[in-house]
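Close look at the chain arrangement
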Amino acid sequence: MAEQFFEVNRISFSHDDLPQEGAAHNKALHLTVKCEGYYMKRVMLDGGSGVDICPLSMLQRMKIGTERIRPNNVCVRAFDGVKRDTIWEIDLILTIGPVDFEVTFQVLDMDTSYNFLLGRPWIHAAGAVPSTLHQRVKFEHENQEIVVHGEDEQSIYRDPSVLCL
């Protein structure tokens, strides 16, 4: 029985996983991911969110065709506590680390501080363990532990051929 308990969860974090400033930060966990040919910065992981969110402005900037958008009637409560109806939903392929994920996003027409928000639906589907303290997310893929580091404030792309939103 003890073997089964200890073998189930192999993902862990240690003091060595802390960012350079240690635990003395108050940063949200933001990743850079690839989506539809774009490298997307400011993708926020939020275990407190019951939906994955894509702001309408991002779909417009990516020039996503309307044939991929489906109507829905999901109501969410935004960070400010106000209830908002999503206007659509869409499936997008995100490459996070070396792994592709199909994510169903709820589309909201509102200003946000993030480009995408990955909540519990993605976190649970990926079997991911995000740590805001350690500024990274870990998950298993094909029996390997994948570690994706949070972006720092200096995350930039100099290559003009890389589309970055």
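Residues numbered from 1 in each chain as written. Predicted model: local features only at pLDDT ≥ 70, side-chain atom pairs only at ≥ 80, totals over all residues. Heavy atoms only, no water.

So, about the sheet that holds strand 11 (residues 136–141). Spatially, 3 strands are ordered 10-11-12 in an open sheet, and the strand pairing comes out antiparallel. Because the sheet does not close on itself, it has two edges, and the strands there are strand 10 (129–131) and strand 12 (144–149). Taking the axes of each pair of neighbouring strands and ignoring which way they run, one obtains an average angle of 20 degrees across the sheet. Where strand 10 meets strand 11, 3 bridges bridge the pair, whose relative direction is antiparallel. What sits directly across from Val129, in strand 11, is Lys138. (Pairing = 2+ DSSP bridges. Helix = DSSP H or I, 4+ residues; strand = E, 2+ residues; numbered from the N terminus. Axes fitted to C-alpha atoms, helices over the stretch in contact; angles between N-to-C directions.)

Now for the side chain of Glu151. Mapped onto the elements, Glu151 comes out in the loop between strand 12 and strand 13 (163–164). Put simply, Glu151 is tucked away with no salt bridge, and the nearest opposite charge, on Lys41, sits 5.8 Å away. For Glu151, the residues in contact, after removing those within four places along its chain, are His30, Leu31, Thr32, Lys41 and Arg42. (Buried < 20%, exposed > 50% of the residue type's maximum accessible area, 1.4 Å probe, protein only. Lys, Arg positive; Asp, Glu negative; His and termini not counted. Salt bridge = Lys/Arg side-chain N within 4 Å of Asp/Glu carboxyl O. Contact = heavy atoms within 4.5 Å.)

The next point concerns the environment of Thr112. For Thr112, the position within the fold is in the loop between strand 8 (99–108) and strand 9 (116–118). Once the C-alpha coordinates of Thr112 and Pro55 are considered, the two residues, 57 residues apart in sequence, prove to be 7.2 Å apart. Within polar-contact distance, the side chain of Thr112 engages the backbone oxygen of Tyr114 at 2.6 Å. (Polar contact = N/O pair within 3.5 Å; in protein donor to acceptor, adjacent residues only side chain to side chain.)

This part takes up the pairing of strand 8. Buried residues dominate strand 8, accounting for 7 of its 10 residues. Pairing analysis gives 3 bridges linking strand 3 (residues 53–55) to strand 8, with the strands arranged parallel. Within strand 8, the position partnered with Pro55 by the bridge is Leu108. Of the pairings in the sheet, the one linking strand 7 (residues 88–96) to strand 8 comprises 9 bridges and is antiparallel in character. What sits directly across from Ile96, in strand 8, is Val99. Between strand 7 and strand 8, which pair antiparallel in sequence order, lie 2 residues; one of them, Gly97, sits at a positive phi of approximately 65 degrees.

In this section: the packing of aromatic side chains. What describes a pair of aromatic rings is the distance from one ring centre to the other and the angle between the planes of the rings. For the structure on display, the rule yields 4 aromatic pairs. A ring pair is formed by Phe101 and Trp122, whose centres lie 5.3 Å apart and whose planes are at 80 degrees; its orientation type is edge-to-face. With Phe101 in strand 8 and Trp122 in helix 3 (residues 120–126), the pair connects residues that are 21 residues apart, well separated along the chain. The exposure class assigned to Phe101 is buried, which follows from its relative accessible area of 14%. Residue Trp122 is classed as buried on the basis of its relative accessible area, which comes to 2%. When the ring of Phe105 is compared with that of Phe116, the centres are 4.7 Å apart and the planes differ by 25 degrees; the resulting orientation is stacked. Taken together, the positions of Phe105 in strand 8 and Phe116 in strand 9 put the pair 11 residues apart, joining distant regions of the chain. Members of the aromatic cluster, joined through ring pairs, are Phe101, Trp122 and Phe139. (Phe/Tyr/Trp six-rings, centres within 6.5 Å; stacked < 30°, edge-to-face > 60°.)

Moving on, we come to the side chain of Asp46. Within the secondary structure, Asp46 is located in the loop between strand 2 (38–45) and strand 3. Nearest to the buried, unbridged Asp46 among oppositely charged side chains is Arg120, at 6.9 Å.

Looking now at the pattern of salt bridges. A side chain with one charge can pair with a side chain of the opposite charge if their charged atoms come near. Tallied over the entire structure, the rule returns 7 salt bridges. Asp17 is paired through a salt bridge with Arg136; the nearest N and O atoms lie 3.4 Å apart. Placement of the pair is Asp17 in the loop between helix 1 (2–8) and strand 1 (29–35) and Arg136 in strand 11, with a sequence separation of 119 residues. In terms of burial, Asp17 and Arg136 fall into one category: buried. Beyond isolated ion pairs, a larger network of salt bridges with shared partners links Asp17, Arg136 and Lys138.

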